[in-house]
Amino acid sequence: MTTLDERPVVAEEPPEPHPRARGLLAFLTTTDHKRIGRIYLGFGLIGLLATTVIGALLGMERLDDSAVFDSDILVQLFQAQRVSLVFVGIIPLTLGLAIAVVPLQLGARQIAFPRLALTGLYSWLGGLVLTFVALGRNGGIGGGDAQAVDQFLAGHGLMILGLLASAGSEAAVSGVEPGSRVVVEGKANLRPGGAVRERGRVNRGQHLTFGDQRAQFRAEREYLAVEQRRHLHGVL
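## So, the pattern of salt bridges
For side chains bearing opposite charge, pairing can occur when the charged atoms are close.
Phase 1 of the analysis: Counted by the stated rule, this structure contains one salt bridge.
Phase 2 of the analysis: Measuring nitrogen to oxygen at the nearest pair gives 3.3 Å for the salt bridge that ties Lys-34 to Asp-32.
Phase 3 of the analysis: Taking relative accessible area as the criterion, Asp-32 reaches 23% and is therefore assigned partly exposed.

## Some points on the packing of helix 3 (residues 71–105) against helix 4 (residues 114–136)
What describes two packed helices is the angle between their axes and the distance between those same axes.
Phase 1 of the analysis: Interhelical geometry of helix 3 versus helix 4 gives an angle of 170 degrees and a closest axis separation of 10 Å. As summarised for this structure, helix 3 and helix 4 are arranged roughly antiparallel, according to the angle between their axes. Together, Gln-76, Gln-79, Ala-80, Val-83, Ser-84, Phe-87, Val-88 and Pro-92 of helix 3 and Trp-124, Leu-128, Thr-131, Phe-132 and Leu-135 of helix 4 make up the contact between the two elements.
Phase 2 of the analysis: Among the residues forming the contact of helix 3 with helix 4, the class breakdown is nine nonpolar, four polar and no charged.

## Details of a nonpolar patch on the surface
Phase 1 of the analysis: Taken together, the side chains of Leu-45, Leu-48, Leu-85, Val-86, Ile-90 and Ile-91 make up a nonpolar region of the molecular surface, amounting to roughly 450 Å² of accessible area.
Phase 2 of the analysis: Among the secondary structure elements, those contributing two or more residues to the nonpolar patch are helix 2 (33–63) and helix 3.
Phase 3 of the analysis: Tallying contributions element by element places helix 3 first for the nonpolar patch, with four residues.
Phase 4 of the analysis: For Leu-85, the position within the fold is in helix 3.

Thresholds, definitions, all that
- Residues numbered from 1 in each chain as written.
- Predicted model: local features only at pLDDT ≥ 70, side-chain atom pairs only at ≥ 80, totals over all residues.
- Heavy atoms only, no water.
- Salt bridge = Lys/Arg side-chain N within 4 Å of Asp/Glu carboxyl O.
- Buried < 20%, exposed > 50% of the residue type's maximum accessible area, 1.4 Å probe, protein only.
- Axes fitted to C-alpha atoms, helices over the stretch in contact; angles between N-to-C directions.
- Helix = DSSP H or I, 4+ residues; strand = E, 2+ residues; numbered from the N terminus.
- Parallel < 35°, antiparallel > 145°, perpendicular 65-115°, else oblique.
- Contact = heavy atoms within 4.5 Å.
- Nonpolar A, V, L, I, M, F, W, Y, C, P; charged D, E, K, R; others polar.
- Patch = residues over 30% accessible without salt bridge, like charges linked within 9 Å, V, L, I, M, F, W, Y side chains within 5 Å.
- Areas by Shrake-Rupley, 256 points an atom, 1.4 Å probe, with all protein chains shown as cover.

By themselves, these are just geometric observations and shouldn't be taken as functional.
Set out below in structure tokens:
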């Protein structure tokens, strides 16, 4: 008589997930549009503060009869104030607010290209560093160092490319996946003639394309028109 030794089959353990970055590294490498917007907003506030400080230094120069700064430094301070106001203050504040808030207003959980927005953020920061290093080397417009002037212009180009990349990624908000359908809750309402009209309402958390948003807006507008007619005709 032959005896078969049956060994229990041991299930293979699933592979361990890759460790995720935590702390500051996770914040700096994030693809969350809210965090990217906060970084822009933070640097925008710093830019406004720097503009205020530079404006105070220029005000001291105007009040004092004797020259506080020489002519080269004074020219670079004027240019640094304008760069800080526009490229470090106004534009990043506006762009950061749009990246953080607009997708939430449209009901989307994420922007279309978050990594492009993050790449644009660091491109803008790199151009910002190049620009202010060039200003410190007397390399602004009309500066005395030709290489620093080229660095100043290159920094401006890098800042503009980064801001355009972030703005383009925010403009295309991610919509419904191809072939998928948006789940709609129907709410029956009676027209004055007894016809049934459904009011479409998209579930919270669903992604919307621009066409879906227009369809939802038309449904809401028709519903309001029906409610107005019911009120005028006294239909309950």
